[in-house]
Amino acid sequence: MPSRVGPSCARVDLDALAANVATLRLVAGRAQVLTVVKADGYGHGMVQAARAALAGGATWLGVAQLGEALTLRGAGVSAPLLAWLFTPGEDLVAPVRADIDLGVSSLVALGEVAAAARAAGRTARVHLKLDTGLSRNGLPLAQLDEVLRALGPLQAEGAVALVGAFSHLACADQPGHASIAAQHREFAAALAAIEPVAPALEVRHLANSAATLTAPQTHYDLVRVGIAAYGISPASALGRPEDLGLTPVMTLTARLASVKDVPAGTGVSYGHTYITPAPTRLGLVPLGYGDGIPRAASGIGPVAVGGRRHHIVGRVCMDQVVIDLGPQSRAAPGDEVVVFGPPAAGGPSVQDWAECVGTIGYEIVTRIGARVPREYVGVGGQA
Ligand SMILES: *Cc1c(COP(=O)(O)O)cnc(C)c1O
């Protein structure tokens, strides 16, 4: 028997990722595609996801944190790269030296970027991050004039070049939500105010995955797609991935560690929250909340074994869950359990999991832990 790396595996189809990005590129029309690879590529592996996205036609990459951006540069990824979330006092010299574009959300951040640029002896490339209504990261528009006044001399000095302006939508996953048009108007007004200071911005960008798919008026010069690149629908309301022309990239599987036939009245897992109503066969799946299986999936999380659907019974533990295979089951130790994947994998989808535990697909894949080995297939990552 071939030896396996561990009891579970997250198979990542890089060709599917590249194909999803190619699809999104068509959807984006004249806008370029920035693929968001933060949080370890939404759990898929950041560097591999980045290379596959570039192979699929993305021309930009985006991350939240500076450390993520530096890791990409360290791996030899040289594409235009934007990082947008850092705190006062973080080292900005290394990112400026590494040619990482910085999202700037405050006057304080602008000052720190300029100081880092002087220390690095080069011009820092900045995208102004505007808060047009999300009330999260972003410059309040009331402070825009002040920041623009500070920018003038910094640009003249050569410390900073304003190359982009962007904002992020609050309700893009609810097509037609009034806030989308409101944020779009605020963004347009802010761009008009920026124009005299930076008449030739390289990129203005507003759309995330949901807006890329449903709101073409928000595409501007660049769309920032994360979740859709991984073949996951931004929201159940937008349809399933296959309706959007997307293929789920990750397939999470494990091998049954054991099976046991038990009589009626058997208490299962911590707290005995499940008692078998009849004789049945139980299967032990070596994945738990330590691997990212939500504990909220206790008693309900769906899986497939040999093409048949089963669900978790009793509580999700740190390293394992128990499934009820039914009394007629012929399942045996070593059989493959599909936790989620594309329709072709014959099991539940990420969306099924998200709906079942009351969360979003983003959280399901991003939480798959480091203990689950990623197995990469496809050539998408070799570009
Ligand atoms: C995470 C993130 C995105 C990507 O959002 P998706 O819904 O995954 O497409 C885009 N822009 C910003 C600022 C983000 O933080």
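None of these values were measured; they are calculated from a predicted model. (Residues numbered from 1 in each chain as written. Predicted model: local features only at pLDDT ≥ 70, side-chain atom pairs only at ≥ 80, totals over all residues. Heavy atoms only, no water.)

Remarks on the overall build of the protein chain
Across its full length, the protein chain holds 11 helices and 20 strands. For 383 residues, the compact-globule estimate of 2.2 N^0.38 gives 21 Å, and the C-alpha radius of gyration of the protein chain, at 24 Å, lies within 12% of that figure. Along the first, second and third principal axes, the C-alpha atoms of the protein chain reach 80 × 45 × 40 Å. A total of 383 residues make up the protein chain; the buried ones form 52% of that total. Counting only contacts in the protein chain whose residues sit at least 6 apart along the sequence, the fraction spanning at least 24 positions is 67%. Of the roughly 15,900 Å² of accessible surface on the protein chain, a fraction of 54% belongs to carbon and sulfur atoms. (Helix = DSSP H or I, 4+ residues; strand = E, 2+ residues; numbered from the N terminus. Rg over C-alpha atoms; globule rule 2.2 N^0.38 Å. Buried < 20%, exposed > 50% of the residue type's maximum accessible area, 1.4 Å probe, protein only. Contact = heavy atoms within 4.5 Å. Areas by Shrake-Rupley, 256 points an atom, 1.4 Å probe, with all protein chains shown as cover.)

Concerning helix H3 (residues 46-55)
If you check which residues of H3 are buried, you get Met46, Val47, Ala49, Ala50, Ala52 and Ala53. Buried-residue contacts for H3 involve helix H1 (14-27), strand E2 (32-36), helix H2 (38-42), strand E3 (60-63) and helix H4 (66-74). Looking one or two residues beyond H3, the residue adopting positive phi is Gly57, at roughly 115°.

Looking at the pattern of salt bridges
Side chains that differ in sign of charge can pair as their charged atoms come close. In this structure the tally under the stated criterion is 12 salt bridges. In this structure, Asp221 engages Arg204 in a salt bridge whose closest nitrogen and oxygen atoms are separated by 2.8 Å. Here the residue Asp221 occupies a position in the loop between helix H9 (209-214) and strand E10 (222-225), and Arg204 occupies one in strand E9 (residues 203-205), the gap between them amounting to 17 residues. If you follow the salt bridges from partner to partner, you end up with Asp101, Arg125 and Glu202 in one network. (Salt bridge = Lys/Arg side-chain N within 4 Å of Asp/Glu carboxyl O.)

Re the state of the cysteines
Inspection of every chain in the model, using the stated rule, returns zero disulfides. Take Cys317: it sits in no disulfide, and the sulfur closest to it among the cysteines is that of Cys356, at 16 Å. (Disulfide = S-S within 2.5 Å.)

Concerning the side chain of Asn20
Inspection of the secondary structure puts Asn20 in helix H1. Excluding residues within four positions of it along the chain, Asn20 makes contact with Ala228, Ala229, Tyr230, Gly231, Gly245, Leu246, Thr247 and Val249.

Remarks on unusual backbone geometry
In the Ramachandran plot, Asp99 falls in the positive-phi region, its phi being about 60° despite a non-glycine side chain. Topologically, Asp99 is positioned in the loop between helix H5 (93-97) and strand E5 (101-104). Assessed through its relative accessible area of 39%, Asp99 is described here as partly exposed. Notably, His272 is not glycine yet its phi reads approximately 50°, a positive angle. Looking at the element boundaries, His272 is found in the loop between strand E13 (267-268) and strand E14 (274-275).

A look at the sheet that holds strand E1 (residues 8-13)
With mixed pairing, nine strands are arranged side by side in an open sheet as E12-E15-E18-E17-E16-E19-E11-E1-E20. Two strands close off the open sheet at either side, each with one partner strand: strand E12 (258-262) and strand E20 (374-377). Neighbouring strand axes in the sheet, compared pairwise and without regard to direction, differ in orientation by 35° on average. The pairing of strand E16 (residues 302-305) with strand E19 (residues 336-340) spans two bridges and is antiparallel. The residue bridging Val305 from the neighbouring strand is Val337, located in E19. (Pairing = 2+ DSSP bridges. Axes fitted to C-alpha atoms, helices over the stretch in contact; angles between N-to-C directions.)

Notes on the packing of H1 against H3
Running from N to C, H1 and H3 cross one another at 50°; their axes reach a closest spacing of 8 Å. Viewed along their axes, H1 and H3 adopt a mutual orientation that is oblique. In this structure, H1 meets H3 at a crossing whose hand is right-handed. Facing H1, whose interface residues are Leu14, Leu17, Ala18 and Val21, H3 presents Gln48, Ala49, Ala52 and Ala53. Taken together, the residues of the contact of H1 with H3 break down into seven nonpolar, one polar and no charged. (Parallel < 35°, antiparallel > 145°, perpendicular 65-115°, else oblique. Left-handed = near helix turned anticlockwise from the far one by under 90°. Nonpolar A, V, L, I, M, F, W, Y, C, P; charged D, E, K, R; others polar.)

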